[in-house]
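The lines below spell out each chain.
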Amino acid sequence: MRILRIFVFLMLLTVAIGSENLNSHVFPRPLIIAYPENNENQLKCTSWRFAIETNNLSPWKTIPEECADYVREYIVGPGYKMDIDRVSNEAGEYAKSVDLGDDGRDVWVFDVDETLLSNLPYYSDHGYGLEVFDSVEFDKWVEKGTAPALGSSLKLYQEVLSLGFKVFLLTGRSERHRSVTVENLMNTGFHDWHKLILRGSDDHGKTATTFKSERRNEIVEEGFRIVGNSGDQWSDLLGSSMSNRSFKLPNPIYYIP
Ligand SMILES: *[C@@H]1O[C@H](CO)[C@@H](O)[C@H](O)[C@H]1NC(C)=O
């Protein structure tokens, strides 16, 4: 009895090994692709970032808690810079391709925060978008006037100027921050803009989309042609008197309607 059992066992083993060799090119069924858990989180956060950058998911107030590490790593790692460099390069290619009129009325519009100037020193102290926006704290940071330039935006800025575009700066910053904003921009290498437009007392309470559309309408009414527009928010780019081409810089940290 015992010998028989060993015999049967050996026979089954032989069959098992044999069939494994024969079918070694066949994957076991069912096929389940199992991502390790943090990889799945990474995928979810990449999907979330795609949704917010494309404006499919809006409005939103803070980044998802489970994406805190993901967003921080994207911002401080090479990803954020790579994305910004790409946007600026493409904008530069487009700017070079445009035949400018000889009347000096071709315009490139730039937003300021997270477009020309970076507030990452502030956001690094506030969880990179994990905390609800605190305008009082943020104003204190703005008033220091020490925001660094986004390097590839500075390059684009200089490029469009040298091509002959008039540069308009259109920012949601308040008019009372004009002088500190001018100082901050000049200290970081931005010069020779045609006009810096900030939110006046009549503009408070307007969405950025409305405020910026109204100001773009005025630019167009003055006879300018808005050829290009660079901004990190969709509210910098959408609405009326839109530019021929809009260039959306990445910003997974905050959303402004
Ligand atoms: C921008 O768009 C307007 C209106 O569609 C068009 O007439 C003009 O040629 C465009 N300009 C450039 C530089 O593409």
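Quick note: structure is the one above.
Note that this is a predicted model, so its numbers are computed, not measured.

Student: Could you clarify how one ought to interpret helix 7 (residues 151–163) in this entry?
Tutor: Because each turn of an α-helix spans 3.6 residues, side chains separated by three or four positions in sequence point in the same direction. Taking 1.5 Å per residue, 13 residues should reach 18 Å; helix 7 reaches 19 Å between its end C-alpha atoms and fits that length. Within helix 7, the full set of buried residues consists of Ser152, Ser153, Leu154, Leu156, Tyr157 and Val160. Buried residues along helix 7 sit in contact with helix 4 (78–97), strand 1 (106–110), strand 2 (166–174) and strand 4 (225–231). Just downstream of helix 7, Gly164 is the residue with a positive phi angle, here 110°.

Student: For this particular structure, what's the right way to read the sheet that holds strand 1?
Tutor: Sheet architecture is open: five strands sit in the order 3-2-1-4-5, paired in parallel fashion. Two strands bound the open sheet, and with one partner strand each, they are strand 3 (195–199) and strand 5 (245–248). On average, adjacent strands in this sheet sit at an angle of 20° to one another, irrespective of strand direction. Pairing geometry for strand 1 and strand 4, over five bridges, is parallel.

Student: It is not clear to me how unusual backbone geometry should be interpreted in this structure. Could you clarify?
Tutor: The phi torsion of most residues other than glycine is negative, and most of the peptide bonds are trans. For the bond from Ser58 to Pro59, the omega torsion is 0°, close enough to zero to count as cis. Within the fold, Pro59 resides in the loop between helix 2 (37–53) and helix 3 (68–76). One non-glycine residue, Asn55, lies in the positive phi region at around 70°. Within the secondary structure, Asn55 is located in the loop between helix 2 and helix 3. A residue is classified by how much of its surface remains accessible, and Asn55, at 23% relative accessible area, is partly exposed. We note that Ser241 has phi near 50°; this positive angle belongs to a residue other than glycine. Within the fold, Ser241 resides in the loop between strand 4 and strand 5.

Definitions and cut-offs
- Residues numbered from 1 in each chain as written.
- Predicted model: local features only at pLDDT ≥ 70, side-chain atom pairs only at ≥ 80, totals over all residues.
- Heavy atoms only, no water.
- Helix = DSSP H or I, 4+ residues; strand = E, 2+ residues; numbered from the N terminus.
- Expected span 1.5 Å × (residues − 1).
- Buried < 20%, exposed > 50% of the residue type's maximum accessible area, 1.4 Å probe, protein only.
- Contact = heavy atoms within 4.5 Å.
- Pairing = 2+ DSSP bridges.
- Axes fitted to C-alpha atoms, helices over the stretch in contact; angles between N-to-C directions.

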